[in-house]
Number of protein chains: 2
Amino acid sequence: MSQSCLHERSSKEEIEKGLRLQPKFDENGLIPCITTDVHTNEVLMFAFMNKDALENTIKTGKVTYFSRSRGKLWVKGESSGQVQRLRELRTDCDQDVILCKADIGENGASCHNGYRSCFYRKLDPQDQTLVFDGGEPLFDPEEVYGKG
Amino acid sequence: MSQSCLHERSSKEEIEKGLRLQPKFDENGLIPCITTDVHTNEVLMFAFMNKDALENTIKTGKVTYFSRSRGKLWVKGESSGQVQRLRELRTDCDQDVILCKADIGENGASCHNGYRSCFYRKLDPQDQTLVFDGGEPLFDPEEVYGKG
């Protein structure tokens, strides 16, 4: 851990007002990560990182998560080609969330369903039903990931 | 639950492509919530909601979380006056995250430290230290919340 920029948790004062990255990993070793489009701030997706994923993100500049379903590191874009280039990494006041601002290119998609953002539906306040407004899928999931 | 717009979880197809809000609450009854500024898309904060918090948010238009530390509903702004007016509510592909776009006013703050956003520090890629760039605090936390 000598070359890691991740430091042990310390006092509340240091965590909230200090200059060292001291992320809080939960009992499963995970920290939530919000990823946004660096150009528009649009929220693209939400996933978890473990320590290796966070270090890999910082080291390689490719946003890397921990896949809870597959139980392993998940370099975003490995299968789909939809790499997220890290442009800025932030943490919140108590350092228990990571925010990545990424460049996914003009026609990049972040969602496994092919949409630019995973948040492709909003709640209609009148009907209280969901409305699709995230544009057309930018790739065909079956083509990219195979069937099933 | 007759008047609730929250529906029971159903099939993957319905959850990902359907028009009904079917949020997934975890084993503690919580769902992560990202809140952004409706005007700039800036990520303001991240917290959790339970079912009551989500229903209250939709019903009242005031973003409401569940405080894990206090173990109760947390209508944002109750203590600080920094209410988050809901302008748009979204969910992601598998409906296990909520995204609220809120209006907090021109001089509103979301962080208990007085900053507009909780994400007031970014990682400097060279030094690998955190840099404050979230502006000046918009209120004095001691004045608003009291000491300690």
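Right above here is the structure, for reference.
Residues numbered from 1 in each chain as written. Chains lettered and ligands numbered in written order. Predicted model: local features only at pLDDT ≥ 70, side-chain atom pairs only at ≥ 80, totals over all residues. Heavy atoms only, no water.

Here we come to the overall build of chain A. Scanning chain A for helices and strands turns up three helices and eight strands. Secondary structure elements of chain A, listed N to C terminal, follow the sequence α-β-β-α-β-β-β-β-β-β-α. Projected onto its principal axes, the C-alpha positions of chain A cover 45 × 40 × 30 Å. When burial is assessed residue by residue, chain A has 50% of its 148 residues classed as buried. For chain A, the proportion of contacts with a sequence separation of at least 24, taken over those separated by at least 6, is 41%. Taking the 20 positively charged and 24 negatively charged side chains of chain A as two groups, their mean positions are separated by 4 Å. (Helix = DSSP H or I, 4+ residues; strand = E, 2+ residues; numbered from the N terminus. Buried < 20%, exposed > 50% of the residue type's maximum accessible area, 1.4 Å probe, protein only. Contact = heavy atoms within 4.5 Å. Lys, Arg positive; Asp, Glu negative; His and termini not counted. Charge placed at Lys NZ, Arg CZ, Asp CG, Glu CD.)

What follows concerns the environment of K76 of chain A. Residue and element names in this part refer to chain A. Here K76 is to be found in the loop between β4 (72–75) and β5 (85–91). Between the alpha carbons of K76 and F66 there is a distance of 9.7 Å; along the sequence they are ten residues apart. If near-sequence neighbours (up to four positions away) are discounted, K76 is found in contact with M45, V63, Y65, Q82, V83, Q84 and S110. In this structure the side chain of K76 is engaged in a polar contact, spanning 2.7 Å, whose partner is the backbone oxygen of S110. (Polar contact = N/O pair within 3.5 Å; in protein donor to acceptor, adjacent residues only side chain to side chain.)

Core analysis: the biggest nonpolar cluster contains 71 residues, and I34, M49 and L89 of chain A together with I34, M49 and L89 of chain B have the highest contact counts within it. Apart from the residues lying within four places of it in its own chain, the contact partners of I34 of chain A are V43, M45, F46, V97, I98, L99 and C100 of chain A together with I34, V43, F46 and F119 of chain B. (Core = buried A, V, L, I, M, F, W, Y, C linked by side-chain atoms within 4.5 Å.)

For the rest of this paragraph, the subject is the packing of aromatic side chains. What the rule picks out here adds up to 13 aromatic pairs over all chains. Taken together, a centroid distance of 6.4 Å and an interplanar angle of 55° make the contact between Y115 of chain B and F132 of chain B tilted. Taken together, the residues Y115 of chain B in the loop between β6 (98–103) and β7 (121–123) and F132 of chain B in strand β8 (residues 130–132) connect sequence positions 17 residues apart. On the basis of relative accessible area, Y115 of chain B is assigned to the buried category, the value being 9%. Three or more aromatic residues joined by ring pairs make a cluster, and in this case those are F46 and F48 of chain A together with F46 and F48 of chain B. (Phe/Tyr/Trp six-rings, centres within 6.5 Å; stacked < 30°, edge-to-face > 60°.)

What follows deals with the side chain of T91 of chain A. Tracing the sequence through the fold places T91 of chain A in strand β5. Side-chain polar atoms of T91 of chain A contact the backbone oxygen of V97 of chain A, separated by 2.8 Å. Beyond its immediate chain neighbours, meaning those up to four positions away, T91 of chain A contacts L21, D96, V97 and I98 of chain A together with C118, F119, Y120, R121 and L130 of chain B.

Turning our attention to the pattern of salt bridges. Going through the model one piece at a time under the given rule, you end up with 16 salt bridges over all chains. One network of salt bridges, in which partners are shared, links E88, R90 and K101 of chain A together with K122 and D133 of chain B. (Salt bridge = Lys/Arg side-chain N within 4 Å of Asp/Glu carboxyl O.)

Once chain A has been moved 0.0 Å along the axis and rotated by 180°, it coincides with chain B to within an RMSD of 0.0 Å. Taken together, the rotation angle and the small translation identify this as a two-fold axis. Judged by C-alpha distance, N41 of chain A is the residue of chain A that lies nearest the rotation axis, at 2.6 Å. Most of the interface of chain A is mirrored in chain B: 100% of its interface residues are interface residues there too. (Least-squares fit on C-alpha atoms with pLDDT ≥ 70 in both.)

In this section: the side chain of T57 of chain A. All names here are of chain A. Relative to the assigned elements, T57 resides in helix α2 (residues 51–60). A distance of 2.8 Å separates a polar side-chain atom of T57 from the backbone oxygen of A53. Among all residues touching T57, those that are not within four sequence positions of it are M49, K62, V63, T64, L86, L89 and C100.

The side-chain alternation of strand β3 (residues 64–67) of chain A yields two buried faces, one formed by T64 and F66 of chain A and the other by Y65 and S67 of chain A. In textbook terms, the turn of a hairpin is the stretch between consecutive antiparallel strands, and for β3 of chain A and β4 of chain A this stretch comprises four residues, one of which, G71 of chain A, has a positive phi near 65°. (Pairing = 2+ DSSP bridges.)

Listed per partner, the contact involves 45 residues of chain A and 45 residues of chain B. For the interface between chain A and chain B, the tally reads two salt bridges. For D133 of chain B, the salt bridge is made with R90 of chain A, and the minimal N-O distance between the two is 2.6 Å. One can count 28 residue pairs in polar contact (both at pLDDT 80 or more) joining chain A with chain B. Those elements giving two or more residues to the side of chain A that touches chain B turn out to be α1 (12–17), β1 (31–37), β2 (43–49), β5, β6 (98–103), β7 (121–123) and β8 (130–132) of chain A. Among the elements that make up the side of chain A that touches chain B, the one with the highest residue count is α1 of chain A (five residues). Residues of the side of chain A that touches chain B, tallied by class, amount to 21 nonpolar, ten polar and 14 charged. (Nonpolar A, V, L, I, M, F, W, Y, C, P; charged D, E, K, R; others polar.)

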